[in-house]
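# Breakdown of the fold
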Amino acid sequence: MLGAALGTWAVTAWRMRGMDAGPGTDLGSLGWYLGVWVTMMAAMMLPSALPMIQLFDHVARRSAAGPRRFSTSAFVSSYLAVWTAYGLVAFALYRAVTAMHLGFLAWNRAGPYVAGGSIALAGLYELSPLKSVCLRHCRSPLHYVLGGWRQGVVGAVRMGMEHGGYCVGCCWGLMLVLFALGVMSLFWMAVVATLIFVQKALPFGPHMTRIFAIAFLTLGLWVALAPATVPQLTQPARPASAP
């Protein structure tokens, strides 16, 4: 899993080379976007999902139902499929907004306020009960594996999708931050991946929700009011002023 994560980081860096790393990046065609998104999710999510994958594999090894390797592969694949669905929803929303040609969303108009508001929304979500429930599941999946175990490859697919749903519930706000700051930025991708790993895998992770909330609210205000001063935030190209 760690080797796969390192490999997908390398592929993502290669595919993003030369891309616009700022907010509002053109997501390209659906096929190209999906290829980048799936490798991004594998790179960002597999390290923090590794404890759950190891636990699933350990239980599957002791189970009498079929070859373990197929069940574990099915679990990981269906887990990533849920994140792929999240990416498809984001792509559809992006296409719907761009199709409306809303000029006020340009970066030299309301763009910084939209980006800052999205980051602030992610901060507020950190304090929600749903975030708490999903984070608790992601950090302590033993009760889920022991109480909701399903045999076979089909059962592994169902469990992977359910765990993926909890993971989306835990991290969709963090991914919203990535979209707001530049979904094609390797720097912000690494920052968000680190935050996800800290919150889901490290012992003090649950205590970080309030800190993340304050940080996102502050960053959202900063992006909205003074985006040019935010370190590593790539300013989208400004259109030429009308004569």
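Residues numbered from 1 in each chain as written. Predicted model: local features only at pLDDT ≥ 70, side-chain atom pairs only at ≥ 80, totals over all residues. Heavy atoms only, no water.

Where helix α4 (residues 111–125) contacts helix α7 (residues 152–182), the axes come no closer than 9 Å and their chain directions differ by 160°. Between α4 and α7, the angle falls in the class roughly antiparallel. The chirality of how α4 crosses α7 is left-handed. Contacts between α4 and α7 involve A115, S118, I119, L121, A122 and Y125 from the first element and G169, C170, W172, G173, L176, V177, A180 and L181 from the second. Its residues placed into classes, the contact of α4 with α7 shows 11 nonpolar, 3 polar and no charged. (Axes fitted to C-alpha atoms, helices over the stretch in contact; angles between N-to-C directions. Helix = DSSP H or I, 4+ residues; strand = E, 2+ residues; numbered from the N terminus. Parallel < 35°, antiparallel > 145°, perpendicular 65-115°, else oblique. Left-handed = near helix turned anticlockwise from the far one by under 90°. Contact = heavy atoms within 4.5 Å. Nonpolar A, V, L, I, M, F, W, Y, C, P; charged D, E, K, R; others polar.)

Where helix α5 (residues 129–139) is concerned, the buried positions are K131, C134, L135, H137 and C138. Looking down the long axis of α5, one finds its buried residues gathered within 160° of arc, a one-sided arrangement. Its buried side turned inward, α5 meets α4, α6 (142–147), α7, α8 (186–201) and α9 (209–225). (Buried < 20%, exposed > 50% of the residue type's maximum accessible area, 1.4 Å probe, protein only. Arc of directions from axis to C-beta.)

What follows is about unusual backbone geometry. The backbone of Q232 sits at a positive phi, close to 65°, despite the residue not being glycine. With respect to the element layout, Q232 can be found in the segment after α9.

By volume, the largest pocket amounts to about 1000 Å³. Lining the largest pocket are 29 residues, with G24, Y94, V97, L105 and V114 sitting closest to its centre. Those elements giving two or more residues to the lining of the largest pocket turn out to be α3 (68–99), α4 and α7. There is about 170 Å³ of room inside the second largest pocket. If you trace the second largest pocket, you find it lined by E126, L127, S128, K131, S132, L135, R136, R139, P206, T209 and R210. (1 Å grid on protein atoms, 1.4 Å probe; cavity = no way out; pocket = protein on both sides within 12 Å on 5 of 7 lines; lining within 4 Å. Points joined across faces, edges and corners; volume = space filled by probe spheres on them.)

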